[in-house]
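# Structural features, examined
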Amino acid sequence: MRIDQAIIDKKGRTLIARGAYLDDFMIDSLLQRGVGGIYTSEGEDEPDEKAIPLEIQEKIEKLKVADPAKVKLTESVKNRVSEGIQYLYQNTESESFSDTTNNIANNLMKAVLENDSIAVDISTLKVSDEYTFKHSVDVATMAMVIARKHGLSDNDIYEIGITGLLHDVGKSKIPNDVLNKPGKLNEDEFALMKQHTLFGYQILKDKPDIKEEIRLGVLQHHEKINGKGYPLGLSRNKINSYAKILAVADIYDALVTKRPYKEPFSQRDAVEMIMSMTSELDIDIMKSFLGSVILYPVGSTIKLSNGKSAKVVENNSDCILRPKVVELSSGKVYDLATDLHCANIIIL
């Protein structure tokens, strides 16, 4: 592994430079200093940014087109929201259930509206781990951005946020040995797991402050437009509109999240899998998802399949896997989405 961030002490001195290969001594030293985790990158060395010829740097700056405004969740908001979700899932009968839900949704709504966000950088949306309540934060945030891209009203976006936060609340009724089983579920366990949408609806149905549209979104977020989902096997027009949005966000986040029973898929692979699910997911919602996620932010360095390193200078919302990039060694421009000469080149 190579370190993807410089480690700097309190006096501003660089202890470990960005790009350095980590060894046991470095890792032990970091742990002794209380550094619990760092960003790393894998693969061949990337060109030193300072070594890029000035004319290529200037070309990159000239061609840069800023990404759309992205939703940003500060660490304090993430922590506040995650703690609130944990409380909800552990106290489903609490008298403050609805108030807590609204407080969390307000935090997310503020983050979405604060800088007029219409996009989400999916590489930084890493609230999720194996815990259901943190997964719910990711899904709610992504669903709100998708809803905004889809042109829904602020009220609908807010309610979709609540639906996302509560979409897995029924899992609080699933035994932990089934919920966190490291291996494949047997037939009976899988049948029980599939009931979490019904359990969620039952938890919410007697709460007068939770609208029926939200309850139905929770109930139906695993339905598929081809009628092969659960729990009711509903098809296209019978599925709640909130559930259609939640389905896309939920599937994406489940794919990229490490679970006790599976390793995570890469973000690129997860996006490609979503794109292949046209028989299961609403195509218009899918387009809004693809148009609101940023896989390769402008300014990021990527490795091409021809062995070259390049800098992303412009994203294409209609083709998020193939942005416009500039090769760092030569300054050559690759418009991966529209230039037929680049058809056989992909981002690794």
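Residues numbered from 1 in each chain as written. Predicted model: local features only at pLDDT ≥ 70, side-chain atom pairs only at ≥ 80, totals over all residues. Heavy atoms only, no water.

## Observations regarding the pattern of salt bridges
Let me state the cut-off plainly: Any carboxyl oxygen of Asp or Glu within 4 Å of a side-chain nitrogen of Lys or Arg constitutes a salt bridge here. Any residue under 20% of the maximum accessible area for its type is buried, any over 50% is exposed, and the rest in between are partly exposed; the area is computed with a 1.4 Å probe on protein chains only. The secondary structure listing takes helices from DSSP runs of H or I that are at least 4 residues long and strands from runs of E that are at least 2 residues long, numbered from the N terminus.
Tallied over the full model, the rule gives ten salt bridges. In this structure, Lys64 engages Glu61 in a salt bridge whose closest nitrogen and oxygen atoms are separated by 3.3 Å. For Lys64, a relative accessible area of 33% puts it in the partly exposed group. According to the relative accessible area criterion, Glu61 is exposed, its value standing at 51%. Residue Arg215 pairs with Glu212 through a salt bridge whose shortest N-O separation is 3.1 Å. Here Arg215 pairs with Glu212, and both are found in helix H10 (residues 212–220), just three residues apart, close to one helical turn. Since its relative accessible area comes to 11%, Arg215 is described here as buried.

## Focus: the packing of helix H11 (residues 241–256) against helix H12 (residues 267–275)
Here is the rule: Axis lines are fitted through C-alpha atoms, for helices just across the contact stretch, and the angle between N-to-C directions can take any value from 0 to 180 degrees. A crossing counts as left-handed when the near helix is turned anticlockwise from the far one by less than a right angle, and as right-handed when that turn is clockwise. Any two residues whose heavy atoms approach within 4.5 Å are treated as being in contact. Each residue receives one of three labels: charged for Asp, Glu, Lys and Arg, nonpolar for Ala, Val, Leu, Ile, Met, Phe, Trp, Tyr, Cys and Pro, and polar for the others, Gly being one of them.
Where H11 meets H12, the closest approach of the two axes is 9 Å, and the angle between their N-to-C directions is 145 degrees. Every pair of crossing elements has a handedness; the one defined by H11 and H12 is right-handed. Side by side, H11 and H12 meet where Val248, Ile251, Tyr252, Leu255 and Val256 of the first sit next to Gln267, Ala270, Val271, Met273 and Ile274 of the second. Among the residues making up the contact of H11 with H12, the classes are represented as nine nonpolar, one polar and no charged.

## Describing the environment of Cys342
Mapping Cys342 onto the fold places it in the segment after strand S10 (333–335). Along the sequence, Cys342 and Val81 sit 261 residues apart, while their C-alpha atoms lie 43 Å from each other. The residues touching Cys342, leaving out its near neighbours within four places in the chain, are Arg322, Tyr334, Asp335 and Leu336.

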